[in-house]
Amino acid sequence: MDQSGSYEQIMKRIIFGLTGDNSKDIPYLKELEKSFENHPLQKEITEGIGTLVNNILPMYKGDDMDGLRRKSKTDIVLEETESLVNKKEYDKALAVFEKHCAVIKDVYESDSKNVYYCFTNILEETLYEQLNKTSQKFRDLLEDLPSFYLVYGNLLFKLKRYSEARAIYKKGLQYNPVSTALLFSYAETLKVTSEFDEFLKITADALSLAYMKQDIARAYRNYGYYNSEIERFDTAMSFYFVSLLFEKSEDAKREMNYIIQKTGIKPDFSNPGKFIITMKKEKVQCGASTFVIGVLETLVKYSVESNMYGLAREMLMVLYNLTDEKKYLDLVNDLHSKKGESA
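Residues numbered from 1 in each chain as written. Predicted model: local features only at pLDDT ≥ 70, side-chain atom pairs only at ≥ 80, totals over all residues. Heavy atoms only, no water.

> An account of the environment of Phe97 is requested, with residue identities and associated values reported.
Here Phe97 lies in helix 5 (residues 90–104). Relative accessible area serves as the criterion here: at 0%, Phe97 is assigned to the buried category. Distance from Phe97 to Val151, taken between C-alpha atoms, is 9.4 Å for residues 54 residues apart in sequence. Discounting chain neighbours no more than four positions away, the residues touching Phe97 are Leu78, Thr81, Phe148, Val151, Tyr152 and Leu155. (Helix = DSSP H or I, 4+ residues; strand = E, 2+ residues; numbered from the N terminus. Buried < 20%, exposed > 50% of the residue type's maximum accessible area, 1.4 Å probe, protein only. Contact = heavy atoms within 4.5 Å.)

If you want it as structure tokens, here you go:
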């Protein structure tokens, strides 16, 4: 491969060589990584190849990934703290978290030209890009700091140190502002302190970015909790019921039984439409947002045009699982016959 030009030009050539066939793309990327070992941009290109593995090939599992995925210091810290938490050695785990925070504190500082992010996949990256038009250049983190701050925050929350947990979740959101896991965890700290205005705002933000049914269901359970707390039990029942259409949850069923026992309400579960109508009256988004659907469909179009059929199929499956619309599954089946040979 021609190794001349800027980082962006080289990465475009690398991406152009992807076929959408994991059995070809993994060896292709591993070989390229070796070929750039003595290149002036070796560090940046290695990061870029790692991003391709994480974002464009996220569904691939297997030993062949070991040559491309290297454990970072943060990965090692997360493994160590998981072991300590499992043994209920919370003070030791917190000490490890605090020490690592001190190490990474000033490593990834954004400036007027560069912003550091770590997205779970290419969909999250695209969602953020569409929401935030900026001239700043995205830089991929070498460390999975959003996961680090999520796990750290979860331990603080477990220990009922809610304000500290909230601050840690906020740090994680600096590096992945579209992480529904971090947004929902942040919302939990507001829930336990009854700061409901902010709780509802963060829940709405998470719902607008949700691309998995379980996240949509979790948002509706949050709305159910809030309405139950202010004794709007009919509305709470509607949210809990609709949440079950997206994810079966014992928590939702338990809350519904509590409302029935407390109020004597006898909801007619044979008519789900009325629950959805009640929810819409509350001006709460029903199902996935049109924004998320639009970004997914744009990614499918881009992937097909770029001969990255593996990514196109993956995005179509996200659409199908999110909407249950058969047209997306039909497109997946159509693409199975294409291997994605790029010129």
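> Could you give an account of the packing of aromatic side chains, naming the residues involved and the relevant values?
Any pair of aromatic rings gets described here by the distance separating the centres and the angle formed by the planes. Evaluation of the coordinates by the stated rule reveals 19 aromatic pairs. For the ring pair Phe196 and Phe199, a centre distance of 6.1 Å and an interplane angle of 70 degrees mean the geometry is edge-to-face. One end of the pair, Phe196, and the other, Phe199, are both in helix 10 (residues 196–209), three residues apart, so they sit about a helical turn from each other. By relative accessible area, Phe196 is classed as buried at 16%. Across the ring face of Tyr225, the terminal group of Lys191 is positioned such that the distance to the ring centre comes to 4.3 Å. Looking at Lys274, its charged tip hangs above the ring of Phe275, at a distance of 5.5 Å from the centre. (Phe/Tyr/Trp six-rings, centres within 6.5 Å; stacked < 30°, edge-to-face > 60°. Lys NZ or Arg CZ within 6 Å of the ring centre and 35° of its normal.)

> Can you break down the nonpolar core residue by residue, with the values?
The biggest cluster of nonpolar side chains holds 95 residues, and the ones touching the most others in it are Ile14, Leu123, Phe148, Tyr149, Tyr152, Tyr220 and Leu296. Not counting chain neighbours up to four residues away, the residues in contact with Tyr220 comprise Leu207, Phe239, Val242, Ser243, Phe246, Met279, Val284, Gln285, Cys286 and Gly287. (Core = buried A, V, L, I, M, F, W, Y, C linked by side-chain atoms within 4.5 Å.)

> Now, about unusual backbone geometry: what can you tell me, with residues and values included?
If you check the backbone angles, Lys88 has positive phi at about 60 degrees while not being a glycine. With respect to the helices and strands, Lys88 occurs in the loop between helix 4 (73–86) and helix 5.

> Break down the packing of helix 9 (residues 180–192) against helix 10 for me, with residues and values.
The contact between helix 9 and helix 10 brings their axes to 9 Å, and the two run at 165 degrees. Relative to helix 10, the element helix 9 lies roughly antiparallel. The two elements helix 9 and helix 10 meet at a crossing, and its hand is left-handed. Mapping the contact onto sequence places Thr180, Leu183, Phe184, Tyr186, Ala187, Leu190 and Lys191 in helix 9 and Phe196, Glu198, Phe199, Ile202, Thr203, Asp205, Ala206 and Leu209 in helix 10. Along the lines of polarity and charge, the residues of the contact of helix 9 with helix 10 split into 10 nonpolar, two polar and three charged. (Axes fitted to C-alpha atoms, helices over the stretch in contact; angles between N-to-C directions. Parallel < 35°, antiparallel > 145°, perpendicular 65-115°, else oblique. Left-handed = near helix turned anticlockwise from the far one by under 90°. Nonpolar A, V, L, I, M, F, W, Y, C, P; charged D, E, K, R; others polar.)

> Outline the side chain of Asp215, listing residues and values.
Checked against the element boundaries, Asp215 lands in helix 11 (residues 213–229). An unpaired buried charge is present at Asp215: no salt bridge exists, and Arg218, the closest side chain of opposite charge, is 5.8 Å distant. Leaving out residues up to four positions away in the same chain, Asp215 has contacts with Thr180, Phe184 and Ala210. (Lys, Arg positive; Asp, Glu negative; His and termini not counted. Salt bridge = Lys/Arg side-chain N within 4 Å of Asp/Glu carboxyl O.)

> Please set out the environment of Leu155 residue by residue, giving values where relevant.
Along the polypeptide, Leu155 turns up in helix 7 (residues 145–158). C-alpha of Leu155 to C-alpha of Leu94: the two residues are 61 residues apart in sequence and 8.0 Å apart in space. In contact with Leu155, not counting residues within four places along its chain, are Val85, Tyr90, Ala93, Leu94 and Phe97.

> Can you tell me about the packing of helix 6 (residues 122–131) against helix 15 (residues 290–305), naming the residues and giving the values?
Axis separation between helix 6 and helix 15 bottoms out at 10 Å; the angle between their running directions is 115 degrees. The handedness of the crossing between helix 6 and helix 15 comes out as right-handed. Along its contact with helix 6, which presents Ile122, Leu123, Thr126, Leu127, Gln130 and Leu131, the element helix 15 presents Phe291, Val292, Val295, Leu296 and Leu299. When its residues are assigned to classes, the contact of helix 6 with helix 15 shows nine nonpolar, two polar and no charged.

> Pulling in residues and values, what's your account of the pattern of salt bridges?
Under the defined criterion, the tally for this structure stands at 13 salt bridges. Among the salt bridges present, the one from Lys92 reaches Glu89, with a minimum N-O distance of 3.5 Å. Residue class for Lys92 comes out exposed when judged on its relative accessible area of 53%.

> Account for helix 6, naming residues and giving values.
Of all 10 residues in helix 6, seven are buried; the element is thus mostly enclosed. Listed in full, the buried residues belonging to helix 6 are Ile122, Leu123, Glu124, Glu125, Thr126, Leu127 and Tyr128. The opening residue of helix 6 is Asn121, an N-cap whose side-chain oxygen sits 3.1 Å from the backbone nitrogen of Leu123. (Polar contact = N/O pair within 3.5 Å; in protein donor to acceptor, adjacent residues only side chain to side chain.)

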